[in-house]
Amino acid sequence: MPYPEEAEGFQVDSPDTFTNFQKRFFKLKPFGDYDVDIKIEACGVCGSDVHTISGGWGDQKFPLCVGHEIVGRAIRVGPKVTLIKEGQRVGVGAQSYSCGECKQCKNENETYCPIQMMDTYGSEWPDTGIVSQGGYSSHVRTHEHWVFPIPDALDSNLAAPMLCAGLTAYSPLVRNGAGPGKKVGVVGLGGIGHFGVMFAKALGAETWAISRSRAKEADARKLGADGYIATAEEGWEQAHLFSFDLIINCANSSEGFDLAKYLSMMDVHGRWVSVGLPEEEGQVIKAQNLIQNGVLIGASHLGSRREMLEMLQLAADKGLKSWVEELQIGEEGLKEAMLRMKKGDVHYRFTLTGYEKVFG
């Protein structure tokens, strides 16, 4: 039973076989008045995909097709859709629905909706028994609020990773005042972190990349970093005590992480915001490490529709480009992506392309 009732994609059946992708058909949720159907042309590979299907983030609803950095064409729009036109090139990120009525949704905090927050993959649509499936597939069906026009200046393969990793970095930057006159640090120069450096600089902040060694310093400078801190060096924090207004922590691991030294670099009431989600338990936070500068510790989850549209336009206006390696979607390409992501062998994002060859 093909589209529009079903999509075809690559699913994983369990964490024990997370590198084995099975091409099969699966049901789409019933088409609603506000839905948009998208024929997928490219999809970024996010660390979330690996954590999800490899078991790092706990039990999941298998079989599962992951992928939530989706770019394609809107081929069908519901009768009440006003935000998207048929034929537009559009994107979908990590969230596909929220209630739209609660305080959070009405205040452009829809990604924090406590009533009905639906992930693009792995969430069960109410009253259907259908589990949402992601972008390693031919089509995706999404509420219009979570479908975003892609500016013409952005290539699809470069826009795709911005739809999750890019927004994950951008939202905490703008919500916490990154801009002219501010000193901003980005911990972890990986898939999210390379966007953090790029966007912080584009927003006008003095931007510092923070990594374990100097192996990525040249990359950080090319991305726009004004400075670089290598935490493997003795006394790395001393020159920066009480100086950062904001640090975004994008690290994918908390192993050997001396949080107290990082926090000592914050100005009074400076903000430390985590966006990376390591599988480990994380750091111990002691009140003694907070009181010397009154540092504020928080986190951030994705971003609003307005922030997504602003970020994409900023990238288009400033000529910002994701650092991407393309892989052919298919069993072998997906296996390679998962294994290399596990090893950290990516510079700095993968985008799956070649959808037409596989799905027609």
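Not measured: the values here are computed from a predicted model.

(A) Local environment of the nonpolar core. Of all hydrophobic cores here, the largest spans 49 residues; its most connected members are L154, L173, F199, M311 and L312. Every element with two or more residues in this core is listed here: helix 4 (165-175), strand 10 (183-187), helix 5 (193-202), helix 6 (217-223), strand 12 (227-230), strand 13 (244-249) and helix 9 (305-318). Formed jointly, this core draws a minimum of three residues from each of two domains, domain 1 (6-164 + 322-357) and domain 2 (166-299). With residues up to four places along the chain from it excluded, the contact list for M311 reads M162, G166, L167, Y170 and F199. Formed by 40 residues, the second largest nonpolar core is a distinct cluster that contains C43, V81, L327 and M338.

(B) Region of interest: the packing of aromatic side chains. For the coordinates displayed, the defined rule picks out eleven aromatic pairs. With 6.2 Å between their ring centres and 70° between their planes, F257 and W272 make a pair best called edge-to-face. Of the two residues, F257 is situated in the loop between strand 13 and helix 7 (259-264) and W272 in strand 14 (residues 266-274); the sequence distance between them amounts to 15 residues. Ring-pair connections join several aromatic residues into one group, and the members of that group are W236, F257, Y262 and W272. The ring centre of F244 lies 4.4 Å from the NZ or CZ of K183, which sits over that ring.

(C) Local environment of the side chain of D219. Looking at the element boundaries, D219 is found in helix 6. A distance of 2.6 Å separates the side chain of D219 from the side chain of Y348, its partner in a polar contact. Beyond its immediate chain neighbours, meaning those up to four positions away, D219 contacts L189, W323, H347 and Y348.

(D) Local environment of a nonpolar patch on the surface. Judged by side-chain polarity, L241, F242 and V268 come together as a nonpolar surface patch covering roughly 260 Å² of accessible area. By secondary structure assignment, the location of F242 is in the loop between strand 12 and strand 13. What makes F242 partly exposed here is its relative accessible area of 40%.

(E) View of helix 4. The buried fraction of helix 4 is high, at nine of eleven residues. Along helix 4, the residues classified as buried are A165, G166, L167, T168, A169, Y170, S171, P172 and L173. Those residues of helix 4 that are buried lie in contact with strand 10, helix 5, strand 13, strand 14, helix 9 and strand 17 (349-353). Looking one or two residues beyond helix 4, the residue adopting positive phi is G177, at roughly 85°.

(F) Main features of the environment of D33. Position of D33 relative to the elements: it lies in the loop between strand 2 (22-27) and strand 3 (35-45). D33 sits 46 residues away from P79 along the chain, and the two C-alpha atoms are 5.3 Å apart. Setting aside residues up to four positions removed in sequence, D33 forms contacts with G78, P79, K80 and V81.

(G) Structural context of helix 5. Of all ten residues that make up helix 5, nine are buried, and the element is covered over most of its length. Looking at helix 5, one finds that the buried residues are G193, H194, F195, G196, V197, M198, F199, A200 and A202. Looking at the buried positions of helix 5, the neighbouring elements they touch are helix 4, strand 10, strand 11 (206-211), helix 6, helix 9 and strand 17.

(H) How the structure looks around the domain arrangement of the chain. The domain boundaries assigned to the chain delineate domain 1 (6-164 + 322-357) and domain 2 (166-299). Taking only C-alpha atoms, the centre of domain 1 and the centre of domain 2 are 28 Å apart. Taken together, the contacts link 17 residues of domain 1 with 17 residues of domain 2. Across the interface of domain 1 and domain 2, roughly 1400 Å² is buried in total on both sides, 53% from carbon and sulfur atoms. Looking only at domain 1, the three residues that lose the most surface to domain 2 are H51, W323 and Y348, adding up to 42% of its buried area. The tally of links from domain 1 across to domain 2 stands at zero salt bridges. For the interface between domain 1 and domain 2, the tally reads twelve residue pairs in polar contact (both at pLDDT 80 or more). The residue makeup of the side of domain 1 that touches domain 2, split by class, is eight nonpolar, six polar and three charged.

(I) Region of interest: empty space enclosed by the protein. Taken as a whole and judged by the stated rule, the model has two cavities of 30 Å³ or more. Of the pockets and cavities examined, the largest cavity occupies roughly 120 Å³. Only strand 2 and strand 8 (139-143) provide two or more residues apiece to the lining of the largest cavity. By residue number, the principal contributor to the lining of the largest cavity is strand 8, which donates three residues. The space that makes up the second largest cavity amounts to roughly 60 Å³. What lines the second largest cavity is G93, A94, Q95, W146, F148, L163, L167, L302, G303 and M308. For the lining of the second largest cavity, the per-class residue count stands at seven nonpolar, three polar and no charged.

Cut-off values and rules
- Throughout this document, residue positions are counted from 1 along each chain, in the order its sequence is written.
- Side-chain atom pairs in this predicted model are given and counted only at pLDDT of 80 or more, local residue features only at pLDDT of at least 70, and totals for whole chains, interfaces and linings cover all residues.
- Only hydrogens and water are set aside when side-chain values are computed; all heavy atoms of the structure are taken into account.
- Only buried Ala, Val, Leu, Ile, Met, Phe, Trp, Tyr and Cys residues count toward a nonpolar core, and they belong to the same one when joined by side-chain atoms within 4.5 Å.
- When accessible area is computed with a 1.4 Å probe and restricted to protein chains, residues below 20% of their type maximum are described as buried, those above 50% as exposed, and intermediate ones as partly exposed.
- Counting from the N terminus, the helices are the DSSP runs of H or I reaching at least four residues and the strands are the DSSP runs of E reaching at least two.
- Domain limits in this description derive from either an automatic procedure or a database domain assignment.
- Throughout, a residue-residue contact means that at least one pair of heavy atoms, one from each residue, lies within 4.5 Å.
- Put simply, two rings from Phe, Tyr or Trp (the six-membered ring, in Trp's case) pair if the centres are within 6.5 Å, and we call them stacked under 30 degrees between planes, edge-to-face over 60, tilted for the rest.
- Either the NZ atom of lysine or the CZ atom of arginine qualifies as a charge over a ring when it sits within 6 Å of the ring centre and within 35 degrees of the ring normal.
- Polar contacts, as used here, are pairs of N or O atoms within 3.5 Å; protein pairs need one atom able to donate a hydrogen and one able to accept it. Residues neighboring in sequence count only if both atoms are side-chain atoms.
- For patch detection, residues must exceed 30% relative accessible area and be free of salt bridges, and they are connected within 9 Å for like charges or within 5 Å for nonpolar side chains (Val, Leu, Ile, Met, Phe, Trp, Tyr).
- Here the open area of atoms and residues is found with the Shrake-Rupley method and a 1.4 Å probe, where only the protein chains shown may cover a residue.
- Should a side-chain nitrogen of Lys or Arg be within 4 Å of a carboxyl oxygen of Asp or Glu, the pair is scored as a salt bridge.
- Throughout, the accessible surface (probe 1.4 Å) given up by two parts as they are put together, summed over both, is called the buried area.
- Three classes are used, and their members are as follows: Ala, Val, Leu, Ile, Met, Phe, Trp, Tyr, Cys and Pro are nonpolar, Asp, Glu, Lys and Arg are charged, and the others, Gly among them, are polar.
- Grid points spaced at 1 Å and placed over the protein atoms alone form the basis of the search, with a cavity being a set where a 1.4 Å probe fits but cannot get out and a pocket an open set showing protein on both sides within 12 Å along at least five of seven lines. Lining residues have an atom within 4 Å of a point.
- Grid points are joined across faces, edges and corners, and a volume is the space filled by probe spheres set on the points.

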